Amino acid sequence: MSAPSASISAQDKGFFGHPRGLSTLFFTELWERFSFYGMKAILGLYLWTAVSEGGLGVDKALALSVVAIYGTAVYMSGVAGGWLADRVWGGQRSTFYGGVLIMCGHIALSLPIGITGVYIGLIFIVIGTGLLKPNISTVVGGLYDQHDTRRDAGFTIFYMAINIGGFISPLITGALADGIGYHAGFAVAAIGMALGLVQYQMGRKHLRGSAAVPPNPLPPAEKGRVYGLIGGVAVAIAGLGVVSYLIGGVEGVILMISIMSIVLPIAYFTVMLRSKKTLPQEKPRVIAYIPLFVAAAMFWLIFEQSASVIAEFADSHVDNHVFGWEFPVAWFQSINPIMIIALAPVFALLWVKLKDRAPSTPRKFAGALVLVGLSFVLMYFASNSAADGKVTPLWLVVMFLIMTAGELMLSPVGLSVTTKLAPRAFASQTMSLWFLATSAGTGVAAQLVKFYTTSPSAYFLTLGGAAVVLGIALAVAAPAIRKLMAGVE
């Protein structure tokens, strides 16, 4: 089935002036993010909470590493998910299959089968999210003609679903985990994904063929060879995982994934720079992208610790009482999405008002690094204050405010500059590379978080200070990077 024509796209205004299919995808994304963030908000708490209190009693250092490496694996799996959609299933089927696997993962977590349920559940969710997350955006884009002026507004509406799901889910799963038990929280995440799948199937007819077939399908003659290659790679990774486990247990597997998260983007950059398909005028832009990638990895290294280190700090050192009422610790995870909803229009308006006076992309990245670093420097002072007892929640509110401002300077800007700096022959793969920055950052974090339990204040100051220094260095190097970018802003 072909992509929707301009006339059909323009005539379809069934969802607030947008194609009706946007409604289907909006609520699918909302429920998927509901399940993702709802589970993530209570995962660490479930792992390190004592068995007598309904948790698993896992050592905190290991629990923090598990939460971090889960994020690493999710973003790495997106590379495979994007490839399968492009060559085998198409975006629509990949999105559905991904949702089914995610639901199965949450069901496994909701069963009282201990740490086995956690590992089985996370494997399902990692694979499922890799199939759904990179492909649902492709389906959204396919609802519009290339020159449809509603396109950007449609993506803005779609991305609101992420933050709505991210805001409400910790409130619900956190309350259930506190009131009934952690398995109830995981169960509602499974129900959320199930609801998303039901409405996706019911509304699929409104997608009108958008990404229904792979854009670059495998030729029949190649299928056997490629499937054999995929099977061989899967067996090799599984074998490497088994060897890592036999040598170092769960920590050995975590180390293996951390190493892969660093090796994979290095391989990507090497292939692009050495490829004859990368034109001579494109190579300086790829080189310019390397410091931006490193900056992004450092940013996400700190930012993504909100569900691990920050969650542990909130659990152990923050007073979660308001007017004598104790609220769930997981509720702190709702602060970032609500701040994004509030601040995103402010930053969008700021860039429009500044026009040519707006900071260059490298300087925006530098500002983001400084801000995320300062958020952890702030936590250094919060940690020192906690030595005298539990601290006020305002420490975390201000930390998330600074961190979110940094996110809005880096995340949307990074997506945009990635599309502009990408060599034409590697356009889709370069977008995968952008998400691998998050994977690399969290992969390194999975090794670093072990040191948090030794001295929280030193941990916060060291990482925060490193980010600030790197941000200043990037700001100094900005003119040289812009020169390599050859006119791209």
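Note that the coordinates shown come from a computational prediction; the quantities given were computed from them, not determined experimentally. (Residues numbered from 1 in each chain as written. Predicted model: local features only at pLDDT ≥ 70, side-chain atom pairs only at ≥ 80, totals over all residues. Heavy atoms only, no water.)

Summarise helix H13 (residues 394–421); cite the residues concerned and give the values.
With 28 residues, H13 ought to run about 40 Å at 1.5 Å a step, and its terminal C-alpha atoms sit 40 Å apart, in line with that. At Gly414, H13 shows its strongest bend, of approximately 30 degrees. (Helix = DSSP H or I, 4+ residues; strand = E, 2+ residues; numbered from the N terminus. Expected span 1.5 Å × (residues − 1). Bend = angle between axes of the 7 residues up to and from the residue.)

Tell me what's going on with the packing of helix H2 (residues 20–48) against helix H4 (residues 91–110), and back it up with residues and numbers.
At their nearest, the axes of H2 and H4 sit 11 Å apart, and the two run at 30 degrees to each other. As for the relative orientation of H2 and H4, their crossing is left-handed in sense. Two secondary-structure elements touch here, H2 through Glu32, Ser35, Phe36 and Met39 and H4 through Ile102, His106 and Leu109. (Axes fitted to C-alpha atoms, helices over the stretch in contact; angles between N-to-C directions. Left-handed = near helix turned anticlockwise from the far one by under 90°. Contact = heavy atoms within 4.5 Å.)

Give a description of the domain arrangement of the chain that names residues and reports values.
Domain assignment breaks the chain into domain 1 (18–217) and domain 2 (275–488). For domain 1 versus domain 2, the distance between C-alpha centres works out to 22 Å. Roughly 2,600 Å² of surface becomes buried between domain 1 and domain 2 when both sides are summed, with 70% attributable to carbon and sulfur atoms. Among the residues domain 1 hides against domain 2, the three largest losses belong to Leu64, Tyr75 and Asn163. Together they make up 23% of the total. Seen at the junction of domain 1 and domain 2, the total is two salt bridges. With twelve residues, the single largest contributor to the side of domain 1 that touches domain 2 is helix H3 (residues 60–89). Across the side of domain 1 that touches domain 2, the residue classes break down as 18 nonpolar, six polar and three charged. (Domains from an automatic or database assignment. Buried area = accessible area lost by both parts, 1.4 Å probe. Salt bridge = Lys/Arg side-chain N within 4 Å of Asp/Glu carboxyl O. Nonpolar A, V, L, I, M, F, W, Y, C, P; charged D, E, K, R; others polar.)

An account of the packing of H2 against helix H7 (residues 182–203) is needed here, citing residue identities and associated values.
The geometry of H2 relative to H7 is characterised by a closest axis approach of 8 Å and an angle of 165 degrees between their N-to-C directions. When the interaxial angle is binned, H2 and H7 end up roughly antiparallel. Classified by chirality, the crossing of H7 by H2 is left-handed. Its residues assigned to classes, the contact of H2 with H7 comprises 16 nonpolar, ten polar and one charged. (Parallel < 35°, antiparallel > 145°, perpendicular 65-115°, else oblique.)

Describe in detail the packing of aromatic side chains, supporting the description with residues and values.
Scanning the model with the defined rule gives 26 aromatic pairs in all. With centroids separated by 5.4 Å and ring planes inclined at 65 degrees, the aromatic side chains of Phe327 and Phe332 adopt a geometry described as edge-to-face. The exposure class of Phe327 is buried, given its relative accessible area of 9%. The class of Phe332 is buried, set by a relative accessible area of 4%. Seen from their ring centres, Tyr452 and Tyr459 are 5.7 Å apart, and the 80 degrees between their planes marks the pair as edge-to-face. Across the pair, exposure class does not vary: Tyr452 and Tyr459 are buried alike. One aromatic cluster is present, built from ring pairs that chain together Phe313, Phe376, Tyr452, Tyr459 and Phe460. (Phe/Tyr/Trp six-rings, centres within 6.5 Å; stacked < 30°, edge-to-face > 60°. Buried < 20%, exposed > 50% of the residue type's maximum accessible area, 1.4 Å probe, protein only.)

Help me get a handle on the side chain of Gln305, residues and values and all.
Secondary-structure assignment places Gln305 in the loop between helix H9 (283–303) and helix H10 (309–317). Within the structure, the side chain of Gln305 is placed 2.9 Å from the backbone oxygen of Leu301, a separation counted as a polar contact. Excluding residues that lie within four positions of it along the chain, Gln305 makes contacts with Ile310, Ala311, Phe376, Ala445, Val449, Tyr459 and Leu463. (Polar contact = N/O pair within 3.5 Å; in protein donor to acceptor, adjacent residues only side chain to side chain.)

Please set out the pattern of salt bridges residue by residue, giving values where relevant.
Tallied over the full model, the rule gives five salt bridges. With a shortest N-O distance of 2.8 Å, Glu29 and Lys133 are connected by a salt bridge. In this pair, Glu29 is assigned in helix H2 and Lys133 in helix H5 (residues 115–142), connecting sequence segments 104 residues apart. Overall, Lys133 belongs to the partly exposed group, its relative accessible area being 24%. Measuring nitrogen to oxygen at the nearest pair gives 3.5 Å for the salt bridge that ties Glu222 to Arg225. Residue Glu222 and its partner Arg225 are both found in helix H8 (residues 220–274); the two are separated by three residues, about one turn of the helix.

Break down the nonpolar core for me, with residues and values.
Membership of the largest hydrophobic core comes to 105 residues, with the highest contact counts inside it found for Ile302, Phe313, Phe365, Leu396 and Phe460. No other element matches the 13 residues that H9 contributes to this core. Each of domain 1 (18–217) and domain 2 (275–488) accounts for three or more of the residues forming this core. If sequence neighbours within four positions are ignored, Phe365 has contacts with Leu292, Ala295, Ala296, Leu410, Val413, Gly414, Trp434 and Leu474. Judged by nonpolar contacts, the second largest core, of 17 residues, contains Phe15, Leu132, Ile136 and Met193. (Core = buried A, V, L, I, M, F, W, Y, C linked by side-chain atoms within 4.5 Å.)

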